[in-house]
Amino acid sequence: AQSVTQLDSHVSVSEGTPVLLRCNYSSSYSPSLFWYVQHPNKGLQLLLKYTSAATLVKGINGFEAEFKKSETSFHLTKPSAHMSDAAEYFCVVSDPRGNEKLTFGTGTRLTIIP
Amino acid sequence: EPEVTQTPSHQVTQMGQEVILRCVPISNHLYFYWYRQILGQKVEFLVSFYNNEISEKSEIFDDQFSVERPDGSNFTLKIRSTKLEDSAMYFCASRANRYEQYFGPGTRLTVT
């Protein structure tokens with residue numbers, strides 16, 4: 001079985017300051033991990049993915065995440081928040097056994113303060 | 001850039017009615033999925049589909065649900081007799097090979 005825990009349901013940061021969205025995972029297998037973003041009334045967009053290559057993964061819009069096996073974490077960061085980053089962010093783990101169904105975290109709503 | 005499309009964007013139906021949600025996956029993709037997100041809750045896996053058959057389904061995906069790929073391009077989710085608790089956003093996704101799934105914009109289903 002696999003699961004994902006997003007430790008914060010809501011994060012607020014000021015524009016131009018760093019963003020940290022926390023995620024811990026549990027998996028019986030070597031996991032593939034993803035961050036997806038959902039803007040209001042929009043679908044789910046892939047931000048970045050970890051698939052057992054480099055532990056520091058760079059994604060779109062300046063986001064990156066670091067896979068830390070010892071801490072079972074995959075936190076999402078961005079050095080400087082932009083107003084357009086306001087959205088819901090989901091940490092996701094994939095089941096590697098064949099069909100690769102996705103298990104989502106509960107999401108973190110990111111608010112950017114002007 | 002190719003994308004997954006879904007129709008309709010919003011469907012309102014009465015309890016007990018049948019609904020069909022439609023998806024057009026990216027054309028060279030082989031694996032297809034349906035997920036749903038009840039308002040205020042997390043996104044949940046419903047079913048995966050490969051080689052014209054269901055490869056896995058969740059406990060949610062009971063006999064009221066079915067999926068079909070009728071013509072090689074569309075991928076549909078049918079709910080035979082809708083219940084109030086079926087109200088949710090339904091997302092279709094597809095992937096080519098390993099790793100990332102590409103999601104459609106979703107269909108908001110409201111059961112009254």
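Residues numbered from 1 in each chain as written. Chains lettered and ligands numbered in written order. Predicted model: local features only at pLDDT ≥ 70, side-chain atom pairs only at ≥ 80, totals over all residues. Heavy atoms only, no water.

> So what's going on with the pattern of salt bridges? Residues and values would help.
Under the definition given, this model contains seven salt bridges over all chains. The partner of A:Lys101 in a salt bridge is B:Glu56, with the nearest N and O atoms 2.8 Å apart. With one member in each of two chains, A:Lys101 in the loop between β10 (87-94) and β11 (102-104) and B:Glu56 in strand β6 (residues 53-57) form a pair that bridges those chains. Judged by its relative accessible area of 22%, B:Glu56 is partly exposed. (Salt bridge = Lys/Arg side-chain N within 4 Å of Asp/Glu carboxyl O. Helix = DSSP H or I, 4+ residues; strand = E, 2+ residues; numbered from the N terminus. Buried < 20%, exposed > 50% of the residue type's maximum accessible area, 1.4 Å probe, protein only.)

> Got a sec to walk through the environment of A:Thr55? Specific residues and values, please.
Residue and element names in this part refer to chain A. Within the secondary structure, Thr55 is located in the loop between β6 (44-50) and β7 (56-58). Sequence separation between Thr55 and Ala65 is 10 residues, and the spatial gap between their C-alpha atoms is 8.2 Å. For Thr55, the contacting residues outside a window of four places in its chain are Tyr50, Ala65, Glu66 and Phe67. (Contact = heavy atoms within 4.5 Å.)

> I'd love a proper account of the confidence of the model for chain A, names of residues and values included.
Summing up the model confidence of chain A, the mean pLDDT is 92 and the portion of residues at 70 or higher is 99%. Taken element by element, chain A is modelled with least confidence in β6(A), mean pLDDT 92, and with most confidence in strand β3 (residues 19-21) of chain A, mean pLDDT 98. (pLDDT = per-residue confidence, 0-100.)

> Requested: an account of the environment of B:Ile26, with residues and values cited.
With respect to the helices, strands and loops of the structure, B:Ile26 is situated in the loop between β3 (19-24) and β4 (31-37). Counting along the chain gives 70 residues from B:Ile26 to B:Ala96, while the straight-line C-alpha distance between them is 8.4 Å.

> Describe the side chain of A:Glu88, and please don't skip the residues or the numbers.
Residue and element names in this part refer to chain A. With respect to the helices and strands, the residue Glu88 is situated in strand β10. Judged by its relative accessible area of 12%, Glu88 falls in the buried class. A polar side-chain atom of Glu88 sits 2.9 Å from a polar atom in the side chain of Arg109. (Polar contact = N/O pair within 3.5 Å; in protein donor to acceptor, adjacent residues only side chain to side chain.)

> Give me the lowdown on the interface of chain A and chain B, citing residues and values where you can.
Quoted interface sizes are often the accessible area lost when the parts come together. Counting from both sides, the interface comprises 20 residues of chain A and, opposite them, 18 residues of chain B. Here chain A packs against chain B, burying approximately 1700 Å² in sum over the two surfaces, 52% of which is carbon and sulfur. Two residues, A:Lys49 and B:Glu100, come together in a salt bridge whose shortest N-O distance is 3.1 Å. Summed over the shared surface of chain A and chain B, the result is six residue pairs in polar contact (both at pLDDT 80 or more). Broken down by secondary-structure element, the contributors of at least two residues to the side of chain A that touches chain B are β5 (32-38), β6 and β11 of chain A. For the side of chain A that touches chain B, the element with the most residues is β5(A), which contributes four residues. Classifying every residue of the side of chain A that touches chain B gives eight nonpolar, eight polar and four charged. (Buried area = accessible area lost by both parts, 1.4 Å probe. Nonpolar A, V, L, I, M, F, W, Y, C, P; charged D, E, K, R; others polar.)

> Let's hear about the sheet that holds β3(B): which residues, and what values?
Residue and element names in this part refer to chain B. Spatial strand order, β1-β3-β8-β7: four strands in an open sheet with antiparallel pairing. Bordering the open sheet on either side are β1 (5-7) and β7 (65-68), each of which pairs with just one other strand. Averaged over all adjacent pairs, the angle separating strand axes in this sheet is 20°, with direction ignored. Pairing of β1 with β3 involves three bridges; the strand directions are antiparallel. Residue pairing for β3: Gln6 is matched across the bridge by Cys23. (Pairing = 2+ DSSP bridges. Axes fitted to C-alpha atoms, helices over the stretch in contact; angles between N-to-C directions.)

> Would you mind going over unusual backbone geometry in detail, with residue names and values included?
Going from B:Thr7 to B:Pro8, the amide bond is cis rather than trans, its omega being -10°. By the element assignment, B:Pro8 lies in the loop between β1 and β2 (10-13). Unlike most non-glycine residues, A:Thr72 shows phi in positive territory, near 45°. Within the secondary structure, A:Thr72 is located in the loop between β8 (64-68) and β9 (73-78). Judged by its relative accessible area of 33%, A:Thr72 is partly exposed. Of note in this structure, B:Asn51 is not a glycine but carries a positive phi near 55°. By secondary structure assignment, the location of B:Asn51 is in the loop between β5 (43-50) and β6.

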